Amino acid sequence: MRNSMLRRLATVATTLGLTSLGLLGAGAVPAQAAIRDCPSGYFCAWKSDNGTGTMYKTNVNRATLGTWDNTFKSVVNHTNKYACLYDAPNYDVDGGTSIWGPDPAGTEWGYSWSSVSSVKFVPTERECVLPPYPAWAAYTAPETAGFGDMNADRKSDVIVRDEAGRLWFLPGDNTGRLVGTGGWNAMSTLTRHGDFSGDGREDVIAREASTGRLWLYPGTGTGALGSRKLIGSGGWNAMNHVTAFGNLAGDGRSDLLAVEKSTGKLWLYPGTATGLGARKLIGSGGWNTMNALAGPGDMNGDNRPDLIAREAATGKLWFYPGTATGGVGARVLIGSGGWNAMASFLPLGDLDADGRNDLATLSNSSYVGEGCRGVGCLVLYSGKGTGGLYPGAPEDENWMDLNAF
Ligand SMILES: [Ca+2]
Ligand SMILES: [Ca+2]
Ligand SMILES: [Ca+2]
Ligand SMILES: [Ca+2]
């Protein structure tokens, strides 16, 4: 049970020979005139490596290239999408794939290797070779609509924001559906867990980067989000690690934590019927030494939500139990080091259905695990029920280019 909480999923990206265009060495630099010949909104290619001669152009997917098959030598992607160039027809990734990023200004050229047989345009890089969202499978937990379960099917859910600013809801059965059509990259914080709106359903809270405002997006019970409500009129850019924490105040509504950047103080913002109430100091200082907070719910079985924090200098992971007086108690070391290899923490509730809350993480480039290394490994840690965690194991390696929460 401790070894594999989720079904291990077929891996794709690392077996593709995924490469980038423009790396095939020195040819003649295409004339600027050639680049300018490629109209805005089009991908263009030439049979010469200096952009001279007849130009191919397309602004739609091409499953085959006709007389241009295996002829591209220099290319320009004058579009706002990724151009995926497949060595095989019909966008078949098995033959090899190269990716040319969006270049809406049309100023970049690249060399191809004369083996391109199909072309596809996608909004995110991962979609050249993978679905827009990863496969997420969770076990069926004992509790209905428990921590992490937005659609009350007893499986922990994940929301991912992709590179294009869309939100995908992953209900825990390997599927996903679009719940945010765009614009979410305007948010510098996304956090969820707990019910802020008072209807018993999990909600999402987001901080708008440009204004420092805080928005509540009520969960509708299906994984979709309802009309947003302003719950913080400004000033939230002065805070770090805005984290939904669960219901500590004991009034049935969830609370929010945040670290004040200028002072290192830890504040609790109680959820109320109208938004957030007057904040309460629960950590007098020193919290700037932490570079991640996670609210995993109750990890030690006392029905009060707890806090996990990562110490930047040491990569240690600390457990702070929620207390009856509405704060956090004396910390306990639950990870002796190495946790800076994690890009993010995903407190998703009880993933392995043993009645105890667990912790999921996504790796960064420094991670080396069994069967997965670098960016995009999903690593799951089963909770012991005491606040501690069993050793983790990577379960999937296709979580790159995503923010998950
Ligand atoms: Ca669910
Ligand atoms: Ca709610
Ligand atoms: Ca607890
Ligand atoms: Ca568990």
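Residues numbered from 1 in each chain as written. Chains lettered and ligands numbered in written order. Predicted model: local features only at pLDDT ≥ 70, side-chain atom pairs only at ≥ 80, totals over all residues.

Draft legend 1. Examining the overall build of the chain more closely. Along its length, the chain carries 1 helix and 31 strands. Over its C-alpha atoms the chain spans a radius of gyration of 24 Å, differing by no more than 12% from the 22 Å that the globule rule assigns to 405 residues. If you line up the chain on its principal axes, its C-alpha atoms span 75 × 45 × 40 Å. Taking all 405 residues of the chain together, the buried fraction comes to 46%. For the chain, contacts bridging at least 24 residues in sequence account for 48% of all contacts bridging at least 6. (Helix = DSSP H or I, 4+ residues; strand = E, 2+ residues; numbered from the N terminus. Rg over C-alpha atoms; globule rule 2.2 N^0.38 Å. Buried ≥ 20, exposed ≤ 12 C-beta atoms within 10 Å, placed from the backbone. Contact = placed C-beta atoms within 7 Å.)

Draft legend 2. Spatial organisation of the pairing of strand β12 (residues 187-192). Of all 6 residues making up β12, 5 are buried, and the element is well covered by its neighbours. Here β12 pairs with strand β13 (residues 204-208) via 5 bridges, running antiparallel. If you follow Met187 over to β13, its bridge partner there is Glu208. (Pairing = 2+ DSSP bridges.)

Draft legend 3. Structural detail: the sheet that holds strand β7 (residues 110-111). Reading across the sheet, the 4 strands line up as β3-β2-β4-β7 and stay open at both edges, with antiparallel pairing between neighbours. Strand pairing shows two members of the sheet lacking a second neighbour, β3 (55-58) and β7, which therefore form its edges. Where strand β2 (residues 42-46) meets strand β4 (residues 74-78), 5 bridges bridge the pair, whose relative direction is antiparallel. Note on β4: the bridge partner recorded for Tyr42 is His78.

Draft legend 4. Structural detail: the sheet that holds strand β14 (residues 214-217). An order of β12-β13-β14-β15 is seen for the 4 strands of this open sheet, with the pairing classed as antiparallel. At either end of the open sheet lies a strand with only one pairing partner, and these are β12 and β15 (229-232). This sheet shows a mean twist of 30° between the axes of neighbouring strands, independent of strand direction. (Axes fitted to C-alpha atoms, helices over the stretch in contact; angles between N-to-C directions.)

Draft legend 5. Unusual backbone geometry, seen in detail. Although it is not a glycine, Asn70 sits at a positive phi angle of roughly 60°. In this fold, Asn70 is placed in the loop between β3 and β4. The phi torsion at Tyr91 lies on the positive side, around 60°, for a residue other than glycine. Judged by the 20 C-beta atoms lying within 10 Å of it, Tyr91 is buried.

Draft legend 6. Structural view of the environment of Ser336. On the secondary structure map, Ser336 appears in the loop between β24 (332-335) and β25 (342-349). Separated by 147 residues in sequence, Ser336 and Thr189 place their C-alpha atoms 27 Å apart.

Draft legend 7. Main features of the confidence of the model for the chain. Averaged over the chain, the pLDDT score is 90; the fraction of residues at 70 or greater is 91%. For the stretch residues 1-27, pLDDT sits under 50, and the model shows 53 contacts to residues farther than four places along the chain or on other chains. (pLDDT = per-residue confidence, 0-100.)

Draft legend 8. Here's a closer look at the environment of Lys261. Inspection of the secondary structure assignment puts Lys261 in the loop between β17 (255-260) and β18 (266-272). Residue class for Lys261 comes out partly exposed when judged on the 14 C-beta atoms lying within 10 Å of it. Sequence separation between Lys261 and Asn288 is 27 residues, and the spatial gap between their C-alpha atoms is 6.8 Å. Leaving out residues up to four positions away in the same chain, Lys261 has contacts with Ala238, Met239 and Asn240.

Draft legend 9. Summary view of the pairing of strand β5 (residues 82-86). Of all 5 residues making up β5, 5 are buried, and the element is well covered by its neighbours. Covered by surrounding structure in β5 are Tyr82, Cys84 and Tyr86 together with Ala83 and Leu85, the residues of both alternating faces. Relative to strand β8 (residues 118-122), β5 runs antiparallel, the two sharing 5 bridges. Along β8, the bridge assignment pairs Ala83 with Phe121. Relative to strand β6 (residues 97-100), β5 runs antiparallel, the two sharing 4 bridges. The partner of Leu85 across the bridge, within β6, is Ser98.

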